[in-house]
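Secondary and tertiary structure notes
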Amino acid sequence: MASFQTLPGFREFYPDALARRNHLFRLWRQTAHTFGFAEYDAPVLEPLELYKTKSGDEIEGQLFSFTDKGGREVALRPEMTPTVCRLVGERANALKRPIKWFSIAEFYRYERMQKGRGRCFFQFNADIFGEPGIEAETELIALLAQNLCAFGLTEQDFYIRLSDRNLWFFFLEALGFDDARSRSLLTAVDRFEKLGDDAFKPDAEQYGALEPSKQAQILAFLGIRSLSALEAQVSSLGGDKLRARLDDWRRLLRNLEAMGLSRLVEVDLGVVRGLAYYTGFVFEAFDRKGELRALAGGGRYDNLVGKLGYAELPAVGFAIGDMTFALLLEQRGLMPNLVQAPDVYVVIGGPAERLAAFGDIQALRAAGYRVDYPMKELAFGKQFKAAAESGAKLALIYGTDELAKGVVKVRDLGERSEREVPAAQLLAEVRAFFTGGA
RNA sequence: GCGGUCAUAGCUCAGUUGGUUAGAGCACCAGAUUGUGGAUCUGGGGGUCGCGGGUUCGAGUCCCGUUGGCCGCCCCA
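Keep in mind it's a predicted model, so treat the numbers as computed, not measured. (Residues numbered from 1 in each chain as written. Chains lettered and ligands numbered in written order. Predicted model: local features only at pLDDT ≥ 70, side-chain atom pairs only at ≥ 80, totals over all residues. Heavy atoms only, no water.)

1. Structural notes on the sheet that holds strand β10 (residues 296-300)
With mixed pairing, the eight strands of this open sheet are ordered in space as β1-β5-β6-β11-β10-β9-β7-β8. Each end of this open sheet is capped by a strand with a single partner; those strands are β1 (38-39) and β8 (265-267). Alignment of β10 against strand β11 (residues 315-321), held across five bridges, turns out to be antiparallel. In the strand pairing of β11, G298 is matched with F318. Along the sheet, helix α1 (residues 15-34) makes contact with β1, β5 (99-108), β6 (120-129) and β11, crossing β5 at roughly 165°. (Pairing = 2+ DSSP bridges. Helix = DSSP H or I, 4+ residues; strand = E, 2+ residues; numbered from the N terminus. Contact = heavy atoms within 4.5 Å. Axes fitted to C-alpha atoms, helices over the stretch in contact; angles between N-to-C directions.)

Pasting the structure below:
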């Protein structure tokens, strides 16, 4: 046996696996269209600098990057956000607002394999550009929810945690921290769920120990799980920025409630989402059981288009990864059986009958029916077996008798009934079966 | 990058204290079966036991290395 292996972390899609993948893509694409998002695509290979500009030089260690034959430093795309920012930035003045775009694409990261994470994966990405208000967040959170619900997932299977980096900064400012210290504390907040109090150690080492009362306030803020608790804690601090931001929260949650999404969305200020190019609301979808890594994540990133050298343009976006999502669907028994069955299987008596059948086979295929037939001469018994195994609804029988009479025998494989149809009426008969039937 | 664990047919696995030519089920192919159904029976193909080295009269089995999978840590845009 040849000894070529698939590269580590890469995936092959045999027909059954590709059928499952396509099932995800089909519903995601369909859902995005119902929300009025337009699909785009872009290069798999980009200048390395694009990602360094967005995420910093350290990012290179996690990229598939190399120097091409023209001496260019390039990388396989690890995410879509910088690319879509470039696409929009280039034509920002010519695009109708709001700009609502989505894509389904493959990404590459040079990382260690883990459950729900490989070196290549697909993501559904959706972004709205040009809308600074919470209307954009409303639309995207609704799209995220529907993109999961479309598969039969409910509030028992997943939920969306909603947080806000602005609110955190305003809050920490009100507690008397400057911007740098606030960032450090946010890192601690981000890790608190995993590390507990140890999460604050790096901050304390750099800036000195945190006053216990302030840490208590931060932890209380982190623990907020409802709008009313949020209002209570913010009102005690006062401050115009906080009050205005709280109003954004009220309006966003009211929108989501009106859309019937309250059960799916939870206030959770523990979500800050790692590398901080986010500038406002952030949200992540998780499975309810908490067994899997994040299903989806996103948020507002108003500075990124400008940072890449274009005119400032507000933006919100999120992505859903295919691996964790497929795991969840399979766990919940929501991955349908996706066998590709023909509509019609043709049973052929011999070489002369085969030639007669070919004309009809082509005509039926041209009319849009899935038609299959045995490639070799086979006994009738075997052909009917093959017809049954294929999953076809209908068998067409071309035998010596039928040919002599100028008819085709049409057998309903479900009901095990059959009748003879004049050859000229075959297409009409098949059409009647599939439109009138079921 | 670090740690744990595993690797025998396309898949799931068995393989005795190291002992002839490495097995089963499923799947695949063919026949029984040249005019009617997913069954059954019979037969067949498919393995340098992940790869390399070592110990031994003898290694799928023991030892070392390596590659890869899985799980976790770091990271997670």
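2. Comments concerning the packing of helix α8 (residues 212-222) against helix α9 (residues 227-237)
Where α8 contacts α9, the axes come no closer than 10 Å and their chain directions differ by 145°. Crossing geometry of α8 relative to α9 is assigned as left-handed. Listed contacts from α9 to Q217, A220 and F221 of α8 are L230, Q233, V234 and L237. In the contact of α8 with α9, the residues fall into five nonpolar, two polar and no charged. (Left-handed = near helix turned anticlockwise from the far one by under 90°. Nonpolar A, V, L, I, M, F, W, Y, C, P; charged D, E, K, R; others polar.)

3. Quick look at helix α10 (residues 240-258)
Taking 1.5 Å per residue, 19 residues should reach 27 Å; α10 reaches 27 Å between its end C-alpha atoms and fits that length. Where the residues of α10 are buried, they touch α4 (134-149), β7 (158-164), α5 (165-174), α9, β8 and β9 (281-287). Immediately downstream of α10, the backbone of G260 shows phi near 80°, a positive value. (Expected span 1.5 Å × (residues − 1).)

4. Description of the domain arrangement of chain A
Accessible area lost when the parts come together is the quantity often used to give the size of an interface. Each assigned domain of chain A is listed with its residue range as follows: domain 1 (15-331) and domain 2 (344-435). The straight-line distance from the C-alpha centre of domain 1 to that of domain 2 is 54 Å. (Domains from an automatic or database assignment.)

5. Structural notes on the protein's contact with RNA strand B
Taken together, 43 residues lie near RNA strand B, and E79, T400, E402, R411 and L413 sit nearest. Counting only atoms of RNA strand B within 4 Å of the protein, the sugar-phosphate share comes to 43%. Between RNA strand B and D401, the relevant distance is 3.2 Å, taken from a base oxygen to a main-chain nitrogen or oxygen of the residue. Within the side chain of R416, a nitrogen or oxygen atom sits 3.2 Å from a sugar or linking oxygen of RNA strand B. Breaking the surface near RNA strand B down by element, the ones donating at least two residues are α6 (179-195), α14 (380-390), α15 (400-405) and β15 (407-412). Ranked by residue count, the leading element in the surface near RNA strand B is α14, at six residues. (Near = heavy atom within 4 Å. Polar contact = N/O pair within 3.5 Å; in protein donor to acceptor, adjacent residues only side chain to side chain.)

6. A word on the nonpolar core
Counting residues in hydrophobic clusters, the biggest one holds 74 residues, and the most contacted among them are F124, W168, I218 and F325. Take this core: its biggest share by element is nine residues, from α4. Leaving out residues up to four positions away in the same chain, I218 has contacts with W168, F171, L172, L175, F177, L185, V189, F200 and L210. The next biggest cluster of nonpolar side chains, apart from the first, holds 28 residues, and it includes L50, I59, Y278 and L304. (Core = buried A, V, L, I, M, F, W, Y, C linked by side-chain atoms within 4.5 Å. Buried < 20%, exposed > 50% of the residue type's maximum accessible area, 1.4 Å probe, protein only.)

7. A short note on the pairing of β15
By the criterion of burial, β15 is predominantly enclosed, with six of the six residues buried. Alternating residues of β15 divide into V407, K409 and R411 and V408, V410 and D412, and every residue in both groups is buried. Sheet topology places strand β14 (residues 394-398) next to β15; four bridges connect them, and they run antiparallel. Residue pairing in the sheet places L394 in a bridge with D412 of β15. For β15 and strand β16 (residues 417-422), the ladder comprises six bridges, and the chain directions are antiparallel. If you follow V410 over to β16, its bridge partner there is R419. The antiparallel hairpin formed by β15 and β16 contains four residues in its connecting segment, where R416 sits at a positive phi of about 60°.

8. Quick word on unusual backbone geometry
Residue R97 is joined to P98 through a cis peptide bond whose omega torsion reads -10°. With respect to the helices, strands and loops of the structure, P98 is situated in the loop between α3 (81-90) and β5. Positive phi values are uncommon outside glycine, yet R416 reaches one of about 60°. Note on placement: R416 falls in the loop between β15 and β16. For R416, a relative accessible area of 67% corresponds to the exposed category.

9. Describing the sheet that holds strand β4 (residues 73-76)
Read across the open sheet, the three strands follow the order β2-β4-β3; overall the sheet is antiparallel. The outermost strands of the open sheet, each flanked by one partner alone, are β2 (45-47) and β3 (65-67). If you compare each strand with its neighbour and ignore which way they point, the axes differ by 35° on average. Note: β2 against β4, three bridges, orientation antiparallel.

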